[in-house]
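As a plain string of letters, each chain reads:
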Amino acid sequence: MSGQAEQQTERLRADADGIARAAALLQGGGLVAFPTETVYGLGGLARNPQAVAAIYGAKGRPSFNPLIAHVADIAAARRIARFDPLAERLAAAFWPGPLTLVLPLAQGHGLAPGVTAGLDTVALRVPAAPVAQALLRAVDAPVAAPSANPSGRISPTRAAHVLDGLDGRIAAVLDGGPCPVGVESTILATHPPRLLRAGGLSAEDVARVLGAMPETPHVVEDSAPSAPGQLTSHYAPRKPVRLNVTEPEAGALWLGFGPDCPGAALNLSDRADLAEAAASLFDALHRLDRLDGTRIDVAPIPDHGLGAAINDRLRRAAAPRG
Ligand code: TXA
Ligand code: MG
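A count of helices and strands for the chain gives 10 helices and 14 strands. Computed over its C-alpha atoms, the radius of gyration of the chain comes to 19 Å, within 12% of the 20 Å expected for a compact globule of 322 residues. Taken over the C-alpha atoms alone, the chain extends approximately 60 × 50 × 35 Å along its principal axes. Put simply, the chain has 322 residues, and 56% of those count as buried. By sequence separation, contacts in the chain at least 24 residues apart represent 69% of the contacts at least 6 residues apart. Here the chain displays about 13,500 Å² of accessible surface, and carbon together with sulfur accounts for 53% of that area. A distance of 4 Å separates the average location of the 29 positive side-chain charges in the chain from that of its 31 negative side-chain charges.

What follows is the structure, encoded as structure tokens:
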């Protein structure tokens, strides 16, 4: 994380002026964090090698872990990657929305090599959040954007979370309020269909288009990635995390789910709603990390629907730290 000049990070409101300013900063090669429906992304021009290098620098991200290129619509996506009929169907069903497709690069894609970390595939996403859409249309070029957190830490679902981790290291944050989905996009490769990351679009929803549940490949840790970024310790709060806790230990902060968690420090959803729990997950971890307590004890969460993404993030938050 060296060599990053300290800079004054602008806080921009997500109105027309703020979006225009954010677009101008991006077009000038700067880094701007912006809201999507999943989490805040740390944007930089995907065709500008210096901007892409600066994303890795600001996050302290390992250079083998490629970025997602964000575009406003499928027409822009088709200029970057080759779409087979299955990819077309998935994009038609779920874009714009919380799905990232990993596809072979197209001729003349123009992306800086750092975006794909040298792979011959690219992760592409068309976000649905109106602010993200407006920004991508104003920039009129692909924007590389990992989640806007220092590498290995909890992803940001509010502008304040972004500033906690990256204030002084990026040009601006565009504040569009809390992200409604709250966990990152589902990542799917299509050749053959493989679920590389559980996320804001449930595997059950994907299965309705595929006709079967997507395979979940076994991920080899820390290797040059076919399914990269799936490092075991990730999304780590500073406090230790323990999962599936029904009887929290004295001194621990209990993160509840559902109506049967009396005395929980916070509850992801009193009414046991998985979408509500996903939307509040990262903010809850950010908040619990600030409270007094020895550890974070998390109540059991069902593993279907968005629960799969929630449990994936919690397992990594609880994994031994590398
Ligand atoms: O919801 C999201 O996806 C957010 C918002 C900002 O769009 N972005 C996000 O980016 O979560 P990031 O960088 O935190 O996660 C991107 C993941 C990483 O696990 C990376 O390894 C994987 O996408 N990825 C990128 N390119 C890939 C490729 N060509 N093949 C396989 N995985 C790839
Ligand atoms: Mg991330």
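Here the narrative resumes.
For helix α10 (residues 307–318), with 12 residues, the first-to-last C-alpha span of 16 Å sits near the 16 Å given by 1.5 Å per residue. The buried fraction of α10 amounts to 9 of the 12 residues, a majority that puts the element mostly inside the structure. Turning to α10, its buried residues are Gly307, Ala309, Ile310, Asn311, Asp312, Arg313, Leu314, Arg316 and Ala317. Lining the buried residues of α10 we find β10 (193–197), β11 (241–242), α9 (274–290) and β14 (296–298).

Taken as a whole and assessed by the stated rule, the structure comprises 1 aromatic pair. Judged by centre distance (6.0 Å) and plane angle (75°), the ring pair of Phe83 and Trp95 falls under edge-to-face. Of this pair, Phe83 sits in the loop between α3 (74–78) and α4 (85–94) while Trp95 sits in the loop between α4 and β5 (99–104), and the two are 12 residues apart along the sequence. For the residue pair Phe83 and Trp95, the accessibility class agrees, reading buried in each case.

Every buried residue of helix α2 (residues 49–59) is listed here: Ala51, Val52, Ile55, Tyr56, Ala58 and Lys59. Taken together, the buried residues of α2 touch β3 (40–45), α5 (113–116), β7 (143–144) and α7 (159–166). Sitting at the head of α2, Asn48 places a side-chain oxygen 2.9 Å from the backbone nitrogen of Gln50. In the stretch just after α2, Gly60 is the one whose phi turns positive, near 65°.

Take the side chain of Thr100 next. Note that Thr100 resides in strand β5. Assessed through its relative accessible area of 0%, Thr100 is described here as buried. Only 2.7 Å separates the side chain of Thr100 from the side chain of Ser185, close enough to count as a polar contact. Ignoring anything within four residues of it in the chain, the contact list for Thr100 reads Ile68, Ala123, Leu124, Arg125, Ser185, Thr186, Ile187 and Leu188.

Moving on, we get to the site of ligand 1. Taken together, 25 residues lie around ligand 1, and Thr38, Asn65, His70, Arg125 and Ser185 are the ones closest in. One of the side-chain nitrogen or oxygen atoms of Asn65 is found 2.5 Å away from an oxygen atom of ligand 1. Taking His70, its side chain carries an N or O atom lying 2.7 Å from an oxygen atom of ligand 1. Those elements giving two or more residues to the shell around ligand 1 turn out to be β4 (68–70), β6 (121–125) and β10. When residues in the shell around ligand 1 are grouped by element, the largest group, 3 residues, is from β6.

Take the sheet that holds β14 next. What the 4 strands build is an open sheet, ordered β11-β14-β12-β13; its pairing is parallel. Across the chains shown, the open sheet's two edge strands, defined by having one partner strand only, are β11 and β13 (266–267). Pairing of β11 with β14 involves 2 bridges; the strand directions are parallel. From the neighbouring strand, Arg242 faces β14, where its bridge partner is Asp297.

On to the pairing of β6, then. Of all 5 residues in β6, 4 are buried, a share of seventy percent or more. Where β4 meets β6, 3 bridges bridge the pair, whose relative direction is parallel. When the bridges of β6 are listed, His70 appears paired with Arg125. Relative to β6, β5 runs antiparallel, the two being bridged by 5 bridges.

We now examine the sheet that holds β6. With respect to topology, 10 strands assemble into an open sheet ordered β1-β8-β2-β3-β7-β4-β6-β5-β9-β10, the strand pairing being mixed. Among the strands making up the open sheet, the edge pair consists of β1 (10–13) and β10. The sheet contact formed by strand β2 (residues 32–35) and β3 spans 4 bridges and is antiparallel. Each bridged residue has a counterpart across the sheet, and for Ala33 the counterpart in β3 is Leu42.

For the coordinates displayed, the defined rule picks out 19 salt bridges. Between Asp73 and Arg137 there is a salt bridge whose closest N-O contact spans 3.5 Å. Highlighted residues: Asp73 in the loop between β4 and α3 and Arg137 in helix α6 (residues 130–139), separated in sequence by 64 residues. Taking relative accessible area as the criterion, Arg137 reaches 48% and is therefore assigned partly exposed. Between Asp164 and Arg290 there is a salt bridge, with its nearest N and O atoms 2.6 Å apart.

Criteria and thresholds
Residues numbered from 1 in each chain as written. Chains lettered and ligands numbered in written order. Predicted model: local features only at pLDDT ≥ 70, side-chain atom pairs only at ≥ 80, totals over all residues. Heavy atoms only, no water. Helix = DSSP H or I, 4+ residues; strand = E, 2+ residues; numbered from the N terminus. Rg over C-alpha atoms; globule rule 2.2 N^0.38 Å. Buried < 20%, exposed > 50% of the residue type's maximum accessible area, 1.4 Å probe, protein only. Contact = heavy atoms within 4.5 Å. Areas by Shrake-Rupley, 256 points an atom, 1.4 Å probe, with all protein chains shown as cover. Lys, Arg positive; Asp, Glu negative; His and termini not counted. Charge placed at Lys NZ, Arg CZ, Asp CG, Glu CD. Expected span 1.5 Å × (residues − 1). Phe/Tyr/Trp six-rings, centres within 6.5 Å; stacked < 30°, edge-to-face > 60°. Polar contact = N/O pair within 3.5 Å; in protein donor to acceptor, adjacent residues only side chain to side chain. Near = heavy atom within 4 Å. Pairing = 2+ DSSP bridges. Salt bridge = Lys/Arg side-chain N within 4 Å of Asp/Glu carboxyl O.

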